[in-house]
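In case you want the letters, here they are:
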Amino acid sequence: MLDQLQEALIAGKKNDVETLVDQALSLGLPTRRILDEGLIAGMERLGLMFKNNEVFIPEVLVAARAMNAGLAKLEPYLIKDKIEPKGFVVIGTVKGDLHDIGKNLVAMMLKGAGYKIIDLGADVAPDKFVDAARRNKADIVALSALLTTTMIQMKSVIQALQSSGLGVPVIVGGAPLTQDYADEIGARGFAQDAASAVDVVHRLVAK
Ligand code: B1M
């Protein structure tokens, strides 16, 4: 079934992805397996095909829509009801970057871990992060980037937050990121994946 889910995702069949996620859930498959071995594995395969010029942007866009639909189905299972938020997290993908699937996943996991999420979407300019952090008294600003050409924007966000006098810690993540790069630009945290992002946020909020 998870193989079928990968195939449906790669083919961009949104309705089939939704149906297969529902079926997997009703069979009692763990949410984590549906996510890792179905949706994320399918997207990784598609990424390779994209790299090898076997598929092109329109196909990837359609698959991304199907991925987001599948993630929306999983969301209630990833999120537990929490009364008081553990903290406020402003999240977004940096300016010039339209990739939002990983960012959505991080937002979903943090929501599930009890944080209030202010999601600014993709292609977000530094001043928007500053405004949202100030207005929401954010405990954390979380930045995602998927392109080597846009990850440099993270430094601009950190500088904008510093020069506006907000001492809010920034965590960064996304495929091209490394701990070394995060250290170099003055980020307070780096996470390789969405689950580790939750651990990093817990650690920073507890400080
Ligand atoms: Co784009 N794209 N794309 N793309 N795309 C990549 C990223 C690429 C690696 C493909 C490739 O060449 N193999 C490549 C980047 C190369 C590089 O810079 N090194 C690339 C390129 C080149 C481009 C364009 C430039 C193509 C073009 O126009 N010629 C263009 C850029 C547009 C722009 O942003 N300005 C482009 C466009 C697109 C689409 C719009 C078609 C679509 C995005 C749709 C959308 O997001 N709504 C798209 C997609 C889907 C991909 C791939 C295939 C899949 C990305 C994805 O969603 N992965 C991708 C190839 C790949 O990654 N294998 C590719 C699944 C997602 C769950 O993983 O986002 O990595 P990811 O998130 C992970 C971790 O990174 C981490 O947690 C998540 C998992 O738990 N993480 C964080 C992410 N953010 C985090 C934040 C954190 C912590 C962890 O803390 C805050």
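Quick note: structure is the one above.
Residues numbered from 1 in each chain as written. Predicted model: local features only at pLDDT ≥ 70, side-chain atom pairs only at ≥ 80, totals over all residues. Heavy atoms only, no water.

Colleague: What should I look at first to understand the overall build of the protein chain in this one?
Modeller: Each helix and strand counted, the protein chain has nine helices and five strands in total. Ordered by position from N to C terminus, the α and β elements of the protein chain give α-α-α-α-β-α-β-α-β-α-β-α-β-α. What you see for the protein chain is a C-alpha radius of gyration of 17 Å, in line with the 17 Å of a compact globule of 207 residues. Within the protein chain, the fraction of its 207 residues that count as buried is 46%. Partitioning the intrachain contacts of the protein chain with sequence separation of at least 6 by distance along the chain shows that 73% fall at a separation of at least 24. For the protein chain, the accessible area works out to roughly 10,500 Å², and carbon and sulfur atoms hold 53% of it. A distance of 6 Å separates the average location of the 23 positive side-chain charges in the protein chain from that of its 25 negative side-chain charges. (Helix = DSSP H or I, 4+ residues; strand = E, 2+ residues; numbered from the N terminus. Rg over C-alpha atoms; globule rule 2.2 N^0.38 Å. Buried < 20%, exposed > 50% of the residue type's maximum accessible area, 1.4 Å probe, protein only. Contact = heavy atoms within 4.5 Å. Areas by Shrake-Rupley, 256 points an atom, 1.4 Å probe, with all protein chains shown as cover. Lys, Arg positive; Asp, Glu negative; His and termini not counted. Charge placed at Lys NZ, Arg CZ, Asp CG, Glu CD.)

Colleague: Can you help me understand the layout of surface pockets in this one?
Modeller: Any space left empty among the atoms is revealed by the rolling of a water-sized probe across them. Considering only enclosed or pocket space, the largest pocket measures out at about 1,500 Å³ in volume. Forming the boundary of the largest pocket are 45 residues, of which Met43, His99, Ile101, Gly102 and Leu146 lie nearest the centre. Tallying contributions element by element places helix α3 (residues 31-51) first for the lining of the largest pocket, with eleven residues. Tallied by class, the residues present in the lining of the largest pocket amount to 29 nonpolar, eight polar and eight charged. Both domains that meet at the lining of the largest pocket, namely domain 1 (2-80) and domain 2 (88-206), each give it at least three residues. (1 Å grid on protein atoms, 1.4 Å probe; cavity = no way out; pocket = protein on both sides within 12 Å on 5 of 7 lines; lining within 4 Å. Points joined across faces, edges and corners; volume = space filled by probe spheres on them. Nonpolar A, V, L, I, M, F, W, Y, C, P; charged D, E, K, R; others polar. Domains from an automatic or database assignment.)

Shape descriptors only; they carry no functional weight alone.
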